[in-house]
Amino acid sequence: MPELPEVETQVRDLQFLIGRKILEVSSNTKKAFTPRFSEFKKRIENKKILAIERRAKYIIFTLTSKLTHHLSGGLTSARKTQKLLIHFRMTGHFLISKNSIPLEKSVRHFFKLSGGTWLQFSDIRKFGTLRLVSERDFQNLPEIRKLGAEPLSKNFTFTKFREIIQPKTGKLKSALLDQKIIAGIGNIYADEICFAAGLHPASQIEKLNPCDIEKLFCEIRNQLRKGIRNRGTTIGEFVDVRGKIGKNQNSLAAYRRHGKECKICGTILRKMKISQRTTSFCPKCQIRK
Ligand SMILES: [Zn+2]
């Protein structure tokens with residue numbers, strides 16, 4: 001599943017689309033849309049892209065348009081802003097093309113944009129979702145409201161992190177995966193963060209000392225930034241908008257490396273299940289608290 005660095009890689013690549021108009025949308029997998037496709041299409045076509053941002057693992061397009069209404073015989077125009085909320089789930093990603101020929105067999109949705117560009121949404125498993133909401137409804141969406149801290153934002157300071165993490169109990173990795181605590185971390189980066197911080201993923205959070213919490217804070221940011229620098233981790237289907245795979249899989253230290261030697265001490269990495277997810281760790285380098 002694409003995590004924060006993979007979604008961020010796509011969002012950065014898509015910035016050149018700001019200012020373009022969505023001329024037409026078509027789809028062969030209409031169940032992905034909210035509201036239903038016919039309504040979605042009506043509301044999104046001829047809207048201009050004002051911004052493309054990331055929040056957690058969501059891509060958020062801000063769209064606007066000048067709508068013209070006939071009111072009591074006169075013409076009134078009203079500016080309206082709406083948000084297109086996209087979640088890639090397991091296998092979704094955007095691709096950019098100059099025509100409507102699908103770049104992959106699994107392309108489900110096509111957005112024809114002004115300036116001769118097509119935005120294709122590829123999704124083998126068909127779990128990706130596209131949701132169009134008004135600006136006001138967006139602020140009140142439960143799935144947005146409940147999201148935790150954005151780990152690469154300016155206001156995610158060490159003090160803030162300590163405040164968030166100190167009242168928590170339970171296993172370290174489960175907390176890292178909990179989108180309500182910190183948003184955007186999934187199985188790959190959670191394993192890498194625990195390894196880099198030298199902390200066993202099953203450590204009890206309440207037993208972490210201030211030094212552990214500081215290492216954890218630094219490594220959350222380091223590992224996510226490294227993922228972005230490497231343009232994502234391609235284990236499954238992830239590619240950038242030009243169809244290129246990421247590079248971060250070449251330098252993973254823990255994720256899916258159980259049975260292999262630790263890159264630091266040579267001990268064979270072990271695996272265990274935490275929150276139903278396979279977790280790889282070094283029994284020697286990663287201290288269990
Ligand atoms: Zn080791």
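What you see is a predicted model, and the numbers here were worked out from it, not measured in a lab. (Residues numbered from 1 in each chain as written. Predicted model: local features only at pLDDT ≥ 70, side-chain atom pairs only at ≥ 80, totals over all residues. Heavy atoms only, no water.)

Colleague: Describe empty space enclosed by the protein, and please don't skip the residues or the numbers.
Modeller: Across all of its chains, the model carries one cavity of 30 Å³ or more by this definition. Of the pockets and cavities examined, the largest cavity occupies roughly 40 Å³. For the largest cavity, the full set of lining residues is Ile-22, Ile-49, Phe-61, Leu-84, Ile-86, Phe-94, Phe-111, Leu-113 and Leu-119. Residue classes in the lining of the largest cavity are distributed as nine nonpolar, no polar and no charged. (1 Å grid on protein atoms, 1.4 Å probe; cavity = no way out; pocket = protein on both sides within 12 Å on 5 of 7 lines; lining within 4 Å. Points joined across faces, edges and corners; volume = space filled by probe spheres on them. Nonpolar A, V, L, I, M, F, W, Y, C, P; charged D, E, K, R; others polar.)

Colleague: Run through the coordination of the zinc ion, naming residues and quoting values.
Modeller: Every protein donor of the zinc ion is accounted for by Cys-262 (SG), Cys-265 (SG), Cys-282 (SG) and Cys-285 (SG), and the metal-donor separations fall at 2.2 to 2.4 Å. Classification of the site at the zinc ion rests on its four donor atoms, whose angles at the metal span 102 to 113°, yielding the label tetrahedral. Mapped onto the sequence, the donors of the zinc ion take the spacing C-x2-C-x16-C-x2-C. With Cys-262 in the loop between helix H8 (210-229) and strand E10 (270-274) and Cys-285 in the segment after strand E11 (277-281), this residue pair connects regions lying 23 residues apart in the sequence. Looking at Cys-262, the relative accessible area reads 5%, which means it is buried. For Cys-285, a relative accessible area of 21% corresponds to the partly exposed category. (Donors = N, O, S within 2.8 Å, 3.2 Å for Na, K, Ca; no water. Tetrahedral: all angles 85-135°; square planar, octahedral: opposite > 155°, others 65-115°. Helix = DSSP H or I, 4+ residues; strand = E, 2+ residues; numbered from the N terminus. Buried < 20%, exposed > 50% of the residue type's maximum accessible area, 1.4 Å probe, protein only.)

Colleague: Can you tell me about the domain arrangement of the protein, naming the residues and giving the values?
Modeller: Under the domain assignment, the protein is made up of domain 1 (4-145) and domain 2 (158-281). When each unit is reduced to the centre of its C-alpha atoms, the spacing between domain 1 and domain 2 is 30 Å. Roughly 1700 Å² is buried in total at the junction of domain 1 and domain 2, and carbon and sulfur atoms are behind 66% of that figure. For domain 1, the biggest contributors to the area lost against domain 2 are Pro-5, Glu-6 and Thr-9; these three give 31% of the whole. Our enumeration of links across domain 1 and domain 2 arrives at one salt bridge. (Domains from an automatic or database assignment. Buried area = accessible area lost by both parts, 1.4 Å probe. Salt bridge = Lys/Arg side-chain N within 4 Å of Asp/Glu carboxyl O.)

Colleague: Describe the packing of aromatic side chains, naming the residues involved and giving the relevant values.
Modeller: Two measures describe an aromatic ring pair: the distance that separates the ring centres and the angle between the ring planes. Scanning the entire structure with this criterion turns up 10 aromatic pairs. For the pair Phe-88 and Phe-94, a centre-to-centre distance of 5.9 Å together with 75° between the ring planes defines the contact as edge-to-face. For Phe-88, a relative accessible area of 2% translates into the label buried. Judged by its relative accessible area of 1%, Phe-94 falls in the buried class. Taken together, Phe-61, Phe-88, Phe-94 and Phe-121 form an aromatic cluster joined through their ring pairs. Directly above the ring of Phe-138 sits Lys-83, whose terminal nitrogen or CZ lies 5.3 Å from the centroid. (Phe/Tyr/Trp six-rings, centres within 6.5 Å; stacked < 30°, edge-to-face > 60°. Lys NZ or Arg CZ within 6 Å of the ring centre and 35° of its normal.)

Colleague: Tell me what's going on with unusual backbone geometry, and back it up with residues and numbers.
Modeller: With an omega dihedral of -5°, the bond running from Thr-34 to Pro-35 counts as a cis peptide bond. Non-glycine residue Asn-46 carries a positive phi angle of around 70°. Judged by relative accessible area, Asn-46 falls into the partly exposed class, the value being 45%. Although it is not a glycine, Ala-56 sits at a positive phi angle of roughly 55°. On the basis of relative accessible area, Ala-56 is assigned to the buried category, the value being 1%.

Colleague: Any details on the nonpolar core? Residues and values, ideally.
Modeller: Formed by 30 residues in total, the largest nonpolar core has its most connected members in Phe-161, Leu-176, Ile-185, Leu-216 and Ile-220. Contributing elements (two or more residues each) for this core: helix H5 (158-165), helix H6 (172-177), helix H7 (187-197) and H8. Once residues within four sequence positions are removed from consideration, Leu-176 is found in contact with Ile-182, Ile-185, Ala-190, Ile-193, Cys-194 and Ile-220. (Core = buried A, V, L, I, M, F, W, Y, C linked by side-chain atoms within 4.5 Å. Contact = heavy atoms within 4.5 Å.)

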